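# What the coordinates show
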Amino acid sequence: MAGRRSTRVREIAREVLGYDRLRPGQEEAIRAVLGGRDTLAVLSTGSGKSAIYQLAGVQIEGPTVVVSPLIALQQDQVRAIEEQELGGAVALNASMSDGQREAAFAAIEAGHAEFVFLAPEQLAKPDVVERLAAAGPSLFVVDEAHCISQWGHDFRPDYLGLARAAEDLGRPVILALTATAAPPVRQEIAARLGMEDPAVVVRDFDRPNIALDVRNVADDDAKLTALLDARPGAEGAAIVYVATRRAAESVAAALTGAGLPAAAYHAGMAAGERTRVQEGFMAGEPPCVVATIAFGMGIDKPDVRLVAHYDISDSLDAYFQEIGRAGRDGEAARALLLYRPEDLALRRFFGGESEFEPEELEQAAAEAGGERDTAALAERLEWPEARVKRALALLGVAEEGEDTVAGALEAQERRQGYLRTRMEMLRGYAETRGCRREFLLSYFGEPFRGPRDNCDNCREGTPAALEVCEGPFAPGTAVQHATLGRGQVLRYEGNRVSVLFEEAGYRTLDLEIVIGEGLLVAAGE
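In what follows, the accompanying structure is described. (Residues numbered from 1 in each chain as written. Predicted model: local features only at pLDDT ≥ 70, side-chain atom pairs only at ≥ 80, totals over all residues. Heavy atoms only, no water.)

### Remarks on the overall build of the chain
Scanning the chain for helices and strands turns up 21 helices and 18 strands. Taking 525 residues into account, the globule formula puts the C-alpha radius of gyration at 24 Å, and the chain, at 23 Å, falls close to it. In terms of overall dimensions, the chain has a C-alpha envelope of 65 × 55 × 55 Å along the principal axes. The buried share of the chain, taken over its 525 residues, is 54%. In the form shown here, the chain has an accessible surface area of approximately 22400 Å², with 48% of it arising from carbon and sulfur atoms. (Helix = DSSP H or I, 4+ residues; strand = E, 2+ residues; numbered from the N terminus. Rg over C-alpha atoms; globule rule 2.2 N^0.38 Å. Buried < 20%, exposed > 50% of the residue type's maximum accessible area, 1.4 Å probe, protein only. Areas by Shrake-Rupley, 256 points an atom, 1.4 Å probe, with all protein chains shown as cover.)

### Considering the packing of aromatic side chains
Overall, the coordinates contain nine aromatic pairs when judged by the stated rule. Each member of the aromatic cluster is reached from another via a ring pair, and the members are Phe320, Tyr418, Tyr443, Phe444 and Tyr506. Positioned over the ring face of tyrosine 310 is lysine 223, at 5.0 Å from the centre of the ring. (Phe/Tyr/Trp six-rings, centres within 6.5 Å; stacked < 30°, edge-to-face > 60°. Lys NZ or Arg CZ within 6 Å of the ring centre and 35° of its normal.)

### Observations regarding unusual backbone geometry
A negative phi holds for most residues other than glycine; trans holds for most peptide bonds. With an omega of 5°, the peptide bond running from glutamate 285 to proline 286 counts as cis. With respect to the element layout, proline 286 can be found in the loop between helix H11 (271-283) and strand S11 (288-291). Here the phi dihedral of arginine 171 falls at roughly 55°; this positive angle occurs in a residue that is not glycine. Inspection of the secondary structure assignment puts arginine 171 in the loop between helix H7 (162-168) and strand S6 (173-178).

### Notes on a negative patch on the surface
Taken together, the side chains of Glu355, Glu357, Glu359, Glu362, Glu410 and Glu413 define an acidic patch exposed on the protein surface. Every element with two or more residues in the negative patch is listed here: helix H14 (358-368) and helix H17 (405-431). Relative to the helices and strands, glutamate 357 resides in the loop between helix H13 (342-351) and H14. (Patch = residues over 30% accessible without salt bridge, like charges linked within 9 Å, V, L, I, M, F, W, Y side chains within 5 Å. Salt bridge = Lys/Arg side-chain N within 4 Å of Asp/Glu carboxyl O. Lys, Arg positive; Asp, Glu negative; His and termini not counted. Charge placed at Lys NZ, Arg CZ, Asp CG, Glu CD.)

### Focus: the pattern of salt bridges
Applying the stated rule across the entire model yields 30 salt bridges. Across the pair arginine 436 and aspartate 456 runs a salt bridge whose closest N-O atoms are separated by 2.7 Å. Within this pair, whereas arginine 436 is found in helix H18 (residues 436-443), its partner aspartate 456 is found in helix H19 (residues 456-459), the two being separated by 20 residues in sequence. Judged by relative accessible area, arginine 436 falls into the buried class, the value being 2%. Through salt bridges with shared partners, a single network forms among Asp220, Lys223, Asp311, Arg340 and Asp343.

### Re the pairing of strand S5 (residues 139-142)
Side-chain alternation along S5 places Leu139 and Val141 on one buried face and Phe140 and Val142 on a second face that is also buried. Bridge count between S5 and S6: four bridges; the pairing is parallel. Counterpart to phenylalanine 140 in the pairing with S6 is isoleucine 174. (Pairing = 2+ DSSP bridges.)

### Observations regarding the packing of helix H12 (residues 316-323) against H18
For the pair H12 and H18, interaxial distance at closest approach is 11 Å and the crossing angle is 120°. Crossing of H12 against H18: the hand is left-handed. Contact residues: H12 offers Leu316, Asp317, Phe320 and Ile323, while H18 offers Phe439, Leu440 and Tyr443. When grouped by side-chain class, the residues that make up the contact of H12 with H18 number six nonpolar, no polar and one charged. (Axes fitted to C-alpha atoms, helices over the stretch in contact; angles between N-to-C directions. Left-handed = near helix turned anticlockwise from the far one by under 90°. Contact = heavy atoms within 4.5 Å. Nonpolar A, V, L, I, M, F, W, Y, C, P; charged D, E, K, R; others polar.)

### Observations concerning the sheet that holds strand S10 (residues 262-265)
Here we have six strands laid out as an open sheet, ordered S8-S13-S12-S9-S11-S10, and parallel in their pairing. On the outer flanks of this sheet lie strand S8 (210-216) and S10, each paired with one strand and no other. Strand-to-strand twist across the sheet, computed as the mean angle between neighbouring axes with direction ignored, equals 15°. Inspection of the sheet shows strand S12 (residues 304-309) paired to strand S13 (residues 333-339) by four bridges, in the parallel sense. Bridge pairing in S13 links leucine 306 to arginine 334. Here H11 sits on the sheet in contact with strand S9 (237-241), S10, S11 and S12, set at roughly 140° to S10.

### Looking at the sheet that holds strand S14 (residues 478-481)
With antiparallel pairing, five strands are arranged side by side in an open sheet as S17-S16-S15-S14-S18. Edge positions in the sheet fall to strand S17 (505-510) and strand S18 (520-522), since each has one partner strand and no second. Pairwise comparison of adjacent strand axes, ignoring direction, gives a mean angle of 40° for this sheet. Lying on the sheet, H17 is in contact with strand S15 (485-493), strand S16 (496-501) and S17; it crosses S17 at an angle near 55°.

### Observations concerning helix H10 (residues 245-257)
Across its 13 residues, H10 extends 18 Å between first and last C-alpha, which sits within 8% of the 18 Å expected from 1.5 Å per residue. Those residues of H10 that sit buried are Ala247, Ala248, Val251, Ala252 and Leu255. All buried residues of H10 project into a common sector of 125° when viewed along the axis, lining one side. What points out from H10, more than 90 degrees from its buried face, is the exposed set Arg246 and Gly257. Of the surrounding elements, those touching the buried residues of H10 are helix H9 (220-230), S10 and S11. (Expected span 1.5 Å × (residues − 1). Arc of directions from axis to C-beta.)

Structure (structure tokens):
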């Protein structure tokens, strides 16, 4: 049976999607889903994650429900499936008229729509869930699954209700897809989605065609000069990431003034203007977009030759996803980070969250009870709905209703500590004298032994970059620290070892001290 399914998968991939062969990880994930197993697929940006649910969905009776966070992305996916004749597709979102929604449901109920795309907030509506459940969905797909993780770089509280939604839909097989997920994020995705003994497929994190460069700059003038030297858009499409809307406007103007046409893109622009910029960029005019992180999700342009970070990302998770938009055609591309340590403080400011006081969590817990209508709860509390959802996530009310306020405060403290250590790993990447590719891959728990030839340190022959550092524990080994608890060894650089601890987050330790004083041992010893 498994052999026949694999053959059929390859046939559909070739005949419908035009794939000569499936990429690493795709077939493994598809086979797991067809075998009825919950699956978490962590594949790099541009590696064909959508093909996994498309090729699996058409072979399982019953519609495939795909949770996709952006309306524009949903529309693109519907168009692509219609063009490929994969069984029909519809979207359900807030932009639709009542007539359009009824037409979509009619197509689902008549069996004319194999794929149903919707945002997570749609699944908080009882009427939507009831009508979808009646259609007997066979596969529940969560795209951008890292959004469910409070440890991730793009946490979205609306994702927290997806486990309950899957149960209400009859508990079909769950397929979670993400382009970036460090080990703790993978664990939380599986737990929060209620995945049962999931198959975890992690592939394609190494993108050897992307040169990794960091340029140290002293001030804003030096930063702009360095960006102009890189000539974004002069030799192929380019994306320049900035931290603020003001920077998007000013940097785009500076590039254009220097004869490098560029357009700004940020969430403060009108929707129509953002659409115009995005569609123009996809068509090659302008060749460069200067954007906040509002730009990127769902952008599938194969010939981006440069992704430059004028301002640093808020984590290596986000950075890896953003540079993954370069070189999707497999040709040479470049990721350039313009770095000064002061920018880390800026990112902490913009990426920070206001913490809950004990009395606020007590109030939220008292008001919530078994409430599922977060909009009504937000009105009673007089809070923004997003803040209500964050409070419920901490309290565990959205899932179990049992966690105490004290436990929620402890969880908040752990999260804040984790975010601080994650930022230090970003500093480590920017300041390392070792191989940057090895640093990135080890952060995601992936082994790397070379070739060490496509980052600035390797090209300059930095001794630390060319040296394969080894220590008493192989990368990936579970270890126990006397005070930091259980963790996993990530990498070595010189006399230092980086460890991801379950409670304390990412820490870089002096190897001589922790080994010499017996502070770090293999777990179980």
